[in-house]
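Reading the structure
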Amino acid sequence: MAVKDRDRFSTATRLRLLGEQTAARVYRSQTRRQARRSRLTGRAALLALVLCTLIVALAYPMRQYVSQRADIADLEREKEQAARRVEQLRDLKARWQDDAYAEQQIRQRLHYVMPGETGYVVIDPDAAKQSRADLGAADRPWYSNVWDGVDKADASDQ
């Protein structure tokens, strides 16, 4: 037993025990570090912060860019429509320069006739009936129309 006791207090034994304890502590700290590293490191957090900052910083200019591109597309569309309208007006102007077209339009729109011709205007009987039906409210006094409107509004609520 003396050898065992002496072994227990010997420097080599102490160093060996100290080494084992140190190795156990290092192993435990490494497992803790690995557990912490698997979650989120400082570099990853910094990278995420930088990316979020860039996204926020670029969001407004990108929105402006997209809206301006849409405005440009709308203006180009309007420009094409205006160019087509100008062409139509040029064609119409060229037609009005022709005396035959001008005479045709004057006869059709203003009901003019040439000297020696007799002009006739044919009235559609159905159109006359429709216009008389529309005049029904105009034949009555204004206060009757107002009162009828109030009655109709009351009837629609019920």
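If you're wondering where the values come from, they're calculated on a predicted model, not measured in any experiment.

A few points about the overall build of the protein
- Along its length, the protein carries six helices and zero strands.
- The order of α-helices and β-strands along the protein, N terminus first, is α-α-α-α-α-α.
- The burial tally for the protein puts 3% of its 158 residues in the buried class.

Points about the packing of aromatic side chains
- Within this structure, the stated rule accounts for two aromatic pairs.
- Look at W96 and Y101: their rings are 5.3 Å apart centre to centre, the planes differ by 80°, and that puts the pair in the edge-to-face class.
- Overall, Y101 belongs to the buried group, its relative accessible area being 16%.
- Judged by centre distance (5.9 Å) and plane angle (80°), the ring pair of W142 and Y143 falls under edge-to-face. For the pair W142 and Y143, one class covers both residues: exposed.

Re the pattern of salt bridges
- Taken as a whole and assessed by the stated rule, the structure comprises four salt bridges.
- One salt bridge in this structure joins R77 and D74, with 2.9 Å as the shortest N-O distance. Linking R77 with D74, this pair stays in helix α3 (residues 42–97), spanning three residues, or about one helical turn.
- Across the pair R107 and E117 runs a salt bridge whose closest N-O atoms are separated by 2.9 Å. Taken together, the positions of R107 in helix α4 (residues 99–110) and E117 in the loop between α4 and α5 (125–134) put the pair 10 residues apart, joining distant regions of the chain.
- Among the residues examined, R107 registers a relative accessible area of 29% and is labelled partly exposed.
- Taking the relative accessible area as the measure of exposure, E117 reaches 39% and is therefore partly exposed.
- Salt bridges sharing common partners tie together E103, R107 and E117.

Looking at α4
- Taking 1.5 Å as the rise per residue, α4 with 12 residues should run 16 Å; its terminal C-alpha atoms sit 16 Å apart, in good agreement.
- Along α4, the positions that sit buried rather than exposed are Y101, A102 and Q105. Here the buried residues of α4 occupy an arc of 95° about the axis, which is enough to place them on one side. Those residues of α4 that are exposed and aimed more than 90 degrees away from the buried face are D99 and A100.
- Two residues or fewer past α4, H111 is found with a positive phi of approximately 60°.

Notes on the confidence of the model for the protein
- Averaged over the protein, the pLDDT score is 83; the fraction of residues at 70 or greater is 81%.
- Within the protein, no element has a lower average pLDDT than helix α1 (residues 2–8), which sits at 55, and none a higher one than α3, at 95.

Calculation criteria
Residues numbered from 1 in each chain as written. Predicted model: local features only at pLDDT ≥ 70, side-chain atom pairs only at ≥ 80, totals over all residues. Heavy atoms only, no water. Helix = DSSP H or I, 4+ residues; strand = E, 2+ residues; numbered from the N terminus. Buried < 20%, exposed > 50% of the residue type's maximum accessible area, 1.4 Å probe, protein only. Phe/Tyr/Trp six-rings, centres within 6.5 Å; stacked < 30°, edge-to-face > 60°. Salt bridge = Lys/Arg side-chain N within 4 Å of Asp/Glu carboxyl O. Expected span 1.5 Å × (residues − 1). Arc of directions from axis to C-beta. pLDDT = per-residue confidence, 0-100.

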